[in-house]
Amino acid sequence: MPGNSRSKLRDVLDRASAGERLGLDEAESLLTSPDILALGRAAARRRQRLHPEGRVTFVIDRNINYTNVCTMGCRFCAFHRPPGASDAYVLSREEIFAKIEEAVDLGATQVLMQGGIHPDLGLQWFLDLFRAIRTRYRVHI
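What this report covers is the structure whose coordinates are included nearby. (Residues numbered from 1 in each chain as written. Predicted model: local features only at pLDDT ≥ 70, side-chain atom pairs only at ≥ 80, totals over all residues. Heavy atoms only, no water.)

1. Notes on the overall build of the protein
Filter applied, for reference: Only DSSP runs of H or I covering at least 4 residues are called helices, and only runs of E covering at least 2 are called strands; the numbering of each starts at the N terminus. Values of the radius of gyration come from C-alpha atoms, whereas the globule rule sets the reference at 2.2 Å times the count of residues to the power 0.38. Buried, partly exposed and exposed residues are distinguished by accessible area as a fraction of the type maximum, computed with a 1.4 Å probe on protein chains only: under 20%, between the cut-offs, and over 50%, respectively. Contacts are residue-level and defined by heavy atoms, with any inter-residue pair within 4.5 Å sufficient.
When helices and strands are counted, the protein shows five helices and two strands. In the protein, the succession of helices and strands from N to C terminus is α-α-α-β-α-β-α. Taking 14 Å as the expected radius of gyration for a compact globule of 141 residues, we find that the protein reaches 21 Å, considerably beyond that expectation. When the backbone C-alpha atoms are referred to their principal axes, the protein occupies close to 55 × 40 × 25 Å. Looking at the 141 residues of the protein, the share that counts as buried comes to 23%. Excluding contacts between residues fewer than 6 apart, the proportion of contacts in the protein whose partners are at least 24 apart in sequence is 63%.

Below, the structure is given as structure tokens:
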């Protein structure tokens, strides 16, 4: 990285870690920067300013792919299957609950429900599922 670019990056990182608001170009420069270690150090400085007690936490979670059926057909997604495909699936509640139980047993406090836009799964399907999860488990959804 040329010296001038490195100096600009250092300036943006210093401002970001100090909590200053960045412009779009500055934020993009961080997003495209190859210097991941410098980005990590700046993030650590920012965290230290916000939480000087030195405590760092994290969330244990699990993505649960409840279906791969999707009618959208986004070009970037290799995951989806059209309705009726031989390898299309929708997990049963029991399968979803088993995945949640595995996660909770490993210390998870959150589950992320991820899946396609299934034409047969309406709002009520999700409401019922989320209610059932909340009734059985102490996890964030």
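Back to the text.
2. Quick word on the pattern of salt bridges
Spelled out, the test is: Salt bridges are counted wherever a side-chain nitrogen of Lys or Arg sits within 4 Å of a carboxyl oxygen of Asp or Glu.
Tallied over the entire structure, the rule returns six salt bridges. In this structure, Arg15 and Glu26 form a salt bridge, with 2.3 Å as the shortest nitrogen-oxygen distance. With Arg15 in helix α1 (residues 3-17) and Glu26 in helix α2 (residues 24-31), this pair connects stretches of sequence that are eleven residues apart. Arg131 is the salt-bridge partner of Asp128, the closest N and O atoms lying 3.5 Å from each other. Of this pair, Asp128 and Arg131 are both found in helix α5 (residues 123-136), three residues apart, which corresponds to roughly one turn of the helix. Residue class for Asp128 comes out partly exposed when judged on its relative accessible area of 29%. Shared partners join several salt bridges into a network, and the residues in it are Arg15, Glu20 and Glu26.

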